[in-house]
Amino acid sequence: MSQPIPRKAVVLVSGGMDSAVTIAIAREQGYQVHALSVAYGQRHSAELEASERVSRILGAVEHKTVHVDLRTIGGSALTADIDVPLDQTGEQGIPVTYVPARNTIMLSIALGWAEVLGSTDIWCGVNAVDYSGYPDCRPAFIEAFEQLANVATKAGVEGAGIRIHAPLMRMSKADIAREGQRLSVDFSETVSCYQADAQGRACGHCDACRLRAQGFIAAGLPDPTRYV
């Protein structure tokens, strides 16, 4: 008997714990993962190095990095000379670490690659529970982008259509940590910190570090993060 042809999926990979778990979920569901990272001018290269490493460890068939320099427009603490807020708690509105249109740009690149690959499935690790309040991490954004994808592409108009998967959308960070443990994700290989050093060690004080640490505590799991 002939073996079934695996379904191809483009999975956006940032190098952090959320996208690592997203790859693992896609693989568990039988997808052949084509991992995509975007070098957008972020503060450090450690997360891009982690993206390639994590993609390989979790069984992606390939990993591609596309360069789009968002420093040319700035507007974020991650792409301009603006300090990353440290040790903040409570409601702050949309923080200065929000990168204007970042997820829209990343999903658009993923959409183009999916068409080239003949894939109808794009996966991303956005989350709207324990997150920094970015508008492009909400269900409404994912739903709207999926609608856009299906009117803006040949695959959407003439093919089987495009589906955007966001399996972590309604999970807490603790849920994500537990899911990663179930799927044997090595979180020590991931980098979440907004200002990690060249070795990928975390600052322990930015919003990304705070949410990550709280997730492991709430999950009752040891924190494998390497701190400065």
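That block above? That's the structure.
Residues numbered from 1 in each chain as written. Predicted model: local features only at pLDDT ≥ 70, side-chain atom pairs only at ≥ 80, totals over all residues. Heavy atoms only, no water.

Undergrad: What is the right way to read the packing of helix H6 (residues 173-182) against helix H7 (residues 207-219) from this model?
TA: Geometry of a packed helix pair, given as the angle between the helix axes and the separation of the axes. Between H6 and H7, the shortest axis-to-axis distance is 7 Å and the interhelical angle comes to 70°. When the axis of H6 is compared with that of H7, the two are roughly perpendicular. Two packed elements cross with a definite hand, and for H6 against H7 that hand is right-handed. Between H6, through Lys-173, Ala-174, Ala-177 and Arg-178, and H7, the contact on the second element is made entirely by Leu-211, Gly-215, Phe-216, Ala-218 and Ala-219. Residues of the contact of H6 with H7, tallied by class, amount to six nonpolar, one polar and two charged. (Axes fitted to C-alpha atoms, helices over the stretch in contact; angles between N-to-C directions. Helix = DSSP H or I, 4+ residues; strand = E, 2+ residues; numbered from the N terminus. Parallel < 35°, antiparallel > 145°, perpendicular 65-115°, else oblique. Left-handed = near helix turned anticlockwise from the far one by under 90°. Contact = heavy atoms within 4.5 Å. Nonpolar A, V, L, I, M, F, W, Y, C, P; charged D, E, K, R; others polar.)

Undergrad: Please explain the packing of aromatic side chains as it appears in this structure.
TA: Aromatic ring pairs are described here by two measures, namely the spacing of the ring centres and the angle between the planes. Following the criterion strictly, the structure yields four aromatic pairs and no others. Centroid distance Tyr-31 to Trp-123: 5.3 Å. Interplanar angle 70°. Geometry classified as edge-to-face. Pair noted here: Tyr-31 is in strand E2 (residues 31-39) and Trp-123 is in strand E4 (residues 121-123), with a separation of 92 residues, a long-range link. Of the residues examined, Tyr-31 reaches a relative accessible area of 4% and is grouped as buried. Between Tyr-98 and Tyr-134 the ring centres are 6.1 Å apart and the planes differ by 45°, which places this aromatic pair in the tilted class. With a gap of 36 residues between them, Tyr-98 in the loop between strand E3 (62-67) and helix H3 (102-117) and Tyr-134 in the loop between E4 and helix H4 (139-152) connect regions that are remote in the sequence. The exposure class assigned to Tyr-98 is partly exposed, which follows from its relative accessible area of 22%. In this arrangement the basic side chain of Arg-7 is found over the ring face of Tyr-31, its NZ or CZ atom lying 4.0 Å from the centre. (Phe/Tyr/Trp six-rings, centres within 6.5 Å; stacked < 30°, edge-to-face > 60°. Buried < 20%, exposed > 50% of the residue type's maximum accessible area, 1.4 Å probe, protein only. Lys NZ or Arg CZ within 6 Å of the ring centre and 35° of its normal.)

Undergrad: Would you mind showing me how to read the sheet that holds E3 here?
TA: Two orientations exist for strands paired in a sheet by backbone hydrogen bonds: parallel and antiparallel. Taken in spatial order, the five strands line up as E3-E2-E1-E4-E5 in an open sheet, and their pairing is parallel. In this open sheet, the two edge strands, each paired with only one partner strand, are E3 and strand E5 (163-165). For this sheet, the mean angle separating the axes of adjacent strands, direction not counted, is 25°. As defined by bridge partners, E4 adjoins E5 across three bridges and the pair is classed as parallel. Following the sheet pairing, Trp-123 is matched in E5 by His-165. Contacting strand E1 (7-12), E2 and E4, helix H1 (residues 17-28) runs over the sheet at an angle of about 160° to E2. (Pairing = 2+ DSSP bridges.)

Undergrad: Which parts of the structure should I look at to understand the pairing of E1?
TA: Residues in a regular strand project their side chains so that they alternate between the two faces of the sheet. Pairing geometry for E1 and E2, over six bridges, is parallel. Looking at E2, one finds that Leu-12 is bridged to Leu-36. Handedness of the E1-H1-E2 crossover: right-handed. Two elements, E1 and E4, share three bridges in a ladder whose sense is parallel. Bridging from a neighbouring strand, Val-11 pairs with Trp-123 of E4. (Right-handed = clockwise from strand over helix to strand, strands pointing away.)

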